[in-house]
Structure formats: structure tokens, C-alpha cells
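The primary structure of each chain is shown beneath.
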Amino acid sequence: DSLGSGEQYSSDELEIAKACLAVIKCSRGILGLVLKACECAGEAAMTSKGEGCEESFKAVLQWISNIHELARVVGENVTDLGMLLYPPISLELSSTDSDQSD
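Residues numbered from 1 in each chain as written. Predicted model: local features only at pLDDT ≥ 70, side-chain atom pairs only at ≥ 80, totals over all residues. Heavy atoms only, no water.

Focus: the overall build of the protein chain
In terms of helices and strands, the protein chain carries 3 helices and 0 strands. The secondary structure elements of the protein chain, listed N-terminal to C-terminal, are α-α-α. Going through the 102 residues of the protein chain one by one, you find that 21% of them count as buried. Within the protein chain, contacts between residues separated by at least 24 positions form 67% of all contacts whose residues are at least 6 apart in sequence. Surface exposure of the protein chain reaches about 7,600 Å², of which carbon and sulfur atoms provide 59%. (Helix = DSSP H or I, 4+ residues; strand = E, 2+ residues; numbered from the N terminus. Buried < 20%, exposed > 50% of the residue type's maximum accessible area, 1.4 Å probe, protein only. Contact = heavy atoms within 4.5 Å. Areas by Shrake-Rupley, 256 points an atom, 1.4 Å probe, with all protein chains shown as cover.)

Following this line, the structure appears as C-alpha cells:
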């Protein structure tokens with residue numbers, strides 16, 4: 001497949017790019033589910049607060065904070081993955097890559 005800049009993936013790169021795209025799509029779904037879970041937890045927190053269960057309210061807010069942090073990390077890393085896919089992947093090690101593996 002051709003990219004807008006005229007560059008193309010090799011057959012080896014294309015298989016890697018397809019697998020990475022599947023990870024990105026999966027991550028998008030996960031982030032959507034996290035948002036829905038946080039919305040539901042927020043409703044539960046408000047119910048707890050309304051019933052005077054301050055401890056439960058705080059526990060739910062902490063849970064939301066924890067899952068938000070995890071989702072933030074997923075979002076940052078999937079963005080990094082996407083950036084690695086463009087321009088087409090270079091399967092050759094650069095001299096700086098080989099120096100880092102030592």
C-alpha cells in the first residue's frame with residue numbers, strides 16, 4: 001500500500017504494520033471501555049456520597065484515578081507505536097541502535 005508521501009512498506013514491513021495496527025485498534029477499544037467504566041464508577045460514587053458512605057465514595061474515586069493513570073499510559077504508548085509506523089518501518093539497525101544494545 002502506498003502512503004501519501006509516495007513511500008511504501010516492503011512485504012516484511014507490511015506484515016509488521018498490520019499487526020501494529022491491530023494493537024492500535026484494540027487499544028482504542030480498551031480506552032473507550034475505560035471511559036465507560038469511569039462514567040459508571042462516577043455514578044456509583046455519587047450514589048455512595050448521597051447515601052453518606054464517604055469511605056466508599058473515596059474508594060471509587062481512587063479506583064477512577066488508578067484506571068485513568070493506566071489508560072493514560074496506554075494512550076501515550078499507542079501514540080508512540082503509531083509514530084514508529086511512519087514513515088515506513090526500517091528493519092535495519094542504525095549504528096545508534098546497535099550501540100544501545102551493548
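From this point, the narrative continues.
As for the nonpolar core
Val-34, Cys-38, Ala-41, Ala-45, Phe-57, Val-60, Ile-64, Ile-67 and Ala-71 form the largest nonpolar core, which has 9 residues in total. Among the secondary structure elements, those contributing two or more residues to this core are helix H1 (11-50) and helix H2 (54-84). By residue number, the principal contributor to this core is H2, which donates 5 residues. Setting aside residues up to four positions removed in sequence, Ala-45 forms contacts with Phe-57, Val-60 and Leu-61. In this structure, Tyr-9, Ala-17, Cys-20 and Leu-85 belong to the second largest nonpolar core, which totals 5 residues. (Core = buried A, V, L, I, M, F, W, Y, C linked by side-chain atoms within 4.5 Å.)

Brief notes about the pattern of salt bridges
Per the stated rule, a full pass over the model turns up 3 salt bridges. Glu-69 is paired through a salt bridge with Arg-72; the nearest N and O atoms lie 2.5 Å apart. Within this pair, Glu-69 and its partner Arg-72 are both found in helix H2, separated by 3 residues, close to a single helical turn. With its nearest N and O atoms 2.4 Å apart, the salt bridge here joins Glu-76 to Arg-72. Of the two residues, Glu-76 and Arg-72 both sit in helix H2, 4 residues apart, roughly one turn of that helix. (Salt bridge = Lys/Arg side-chain N within 4 Å of Asp/Glu carboxyl O.)

Coordinates in, geometry out; function isn't part of it.
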